[in-house]
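What the coordinates show
The residues making up each chain are set out below.
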Amino acid sequence: DGGITQSPKYLFRKEGQNVTLSCEQNLNHDAMYWYRQDPGQGLRLIYYSQIVNDFQKGDIAEGYSVSREKKESFPLTVTSAQKNPTAFYLCASSEGQRNSPLHFGNGTRLTVT
Amino acid sequence: AQSVSQHNHHVILSEAASLELGCNYSYGGTVNLFWYVQYPGQHLQLLLKYFSGDPLVKGIKGFEAEFIKSKFSFNLRKPSVQWSDTAEYFCAVYLSGGYNKLIFGAGTRLAVHP
């Protein structure tokens, strides 16, 4: 079945460590997105990529980095510069046209202590 | 800055009551509009979308939404809710004109009591 796989489901890290969240899709979608979901704030866009080897900052990119070396993969690194990294992270993909709906993964809950 | 506002953060209804969830956006360019739903324990899924044409769009499970361009609104409605509609609902707006990104509102948590 086609879909988006995020791993791991739960992730725990010590403060000061970088951590990379995985996102893989086999839908052959051009566009991929990373959102952060916090209670009462909805989904906020971190980074997005319309094509391979290209990506743009979203609304809250500070303290995060991404790469898009392959169409299927869009990993997100949460760096030690991110002041409040504990959150639920959602990856999504779409065909890339403006009317294309997003397909979401099941998310990764990151806890930093 | 572009933004999406959902007016109600929590809504509690009894079964068979009518539902209307507000959504307004701030962007003067071309938009595509979406409502997503997240049922308890499940991932986000598309409820309906507006691209062009008839501003009244119908989605799954009896939901509909109306795009009123002059009011920058895209409110979600359902005439008679069911217990199974208990979920969190997110309005989303795709910004064209060089932005090419999808932004979400803060969400509305709906609880339907039998």
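I will try to describe carefully the structure that is included in this document.

What counts and what doesn't
- Residues numbered from 1 in each chain as written.
- Chains lettered and ligands numbered in written order.
- Predicted model: local features only at pLDDT ≥ 70, side-chain atom pairs only at ≥ 80, totals over all residues.
- Heavy atoms only, no water.
- Buried < 20%, exposed > 50% of the residue type's maximum accessible area, 1.4 Å probe, protein only.
- Helix = DSSP H or I, 4+ residues; strand = E, 2+ residues; numbered from the N terminus.
- Pairing = 2+ DSSP bridges.
- Core = buried A, V, L, I, M, F, W, Y, C linked by side-chain atoms within 4.5 Å.
- Contact = heavy atoms within 4.5 Å.
- Buried area = accessible area lost by both parts, 1.4 Å probe.
- Salt bridge = Lys/Arg side-chain N within 4 Å of Asp/Glu carboxyl O.
- Disulfide = S-S within 2.5 Å.

1. Quick look at the pairing of strand β12 (residues 108-113) of chain B
Residue and element names in this part refer to chain B.
- Where burial is concerned, the two faces of β12 differ: the one with T108, L110 and V112 is buried and the one with R109, A111 and H113 is not.
- Across five bridges, strand β2 (residues 10-14) lies against β12 in parallel orientation. Opposite S14, over in β12, you have H113 as the bridge partner.
- The pairing of strand β10 (residues 87-95) with β12 spans three bridges and is antiparallel. Looking at the pairing, A87 lines up with L110 of β12.

2. Things to note about the nonpolar core
Residue and element names in this part refer to chain B.
- Counting residues in hydrophobic clusters, the biggest one holds 31 residues, and the most contacted among them are W35, F74, L76 and Y89.
- The element contributing the most residues to this core is β10, with five residues.
- Excluding anything up to four places from it in sequence, L76 contacts L19, E20, L21, W35, L47, L48, F63, E64, A65 and Y89.

3. A closer look at the interface of chain A and chain B
- Each partner contributes to the interface: chain A provides 21 residues, whereas chain B provides 23 residues.
- When the two sides are added together, the surface that chain A and chain B hide from each other amounts to roughly 1800 Å², 55% of it contributed by carbon and sulfur.
- Viewed at the interface, chain B and chain A are joined by one salt bridge.
- If you list the elements that add at least two residues to the side of chain A that touches chain B, you get β4 (31-38) and β5 (42-51) of chain A.
- For the side of chain A that touches chain B, the leading source of residues is β5(A), giving five residues.

4. Digging into the state of the cysteines
- Taken as a whole and judged by the stated rule, the model has two disulfides over all chains.
- Each sulfur of the disulfide joining A:C23 and A:C91 lies 1.9 Å from the other. The disulfide joining A:C23 to A:C91 has a torsion of about -75° about its S-S bond and is therefore left-handed. Of the two residues, A:C23 sits in strand β3 (residues 19-25) while A:C91 sits in strand β9 (residues 87-94), which places them 68 residues apart along the sequence.
- Overall, the relative accessible area of 1% leaves A:C23 in the buried class.
- Overall, A:C91 belongs to the buried group, its relative accessible area being 0%.
- Bridging B:C23 to B:C91, the disulfide has an S-S length of 1.9 Å. Disulfide B:C23-B:C91: the torsion about the S-S bond is -65°, which places it as left-handed. Highlighted residues: B:C23 in the loop between β3 (19-21) and β4 (24-26) and B:C91 in strand β10, separated in sequence by 68 residues.

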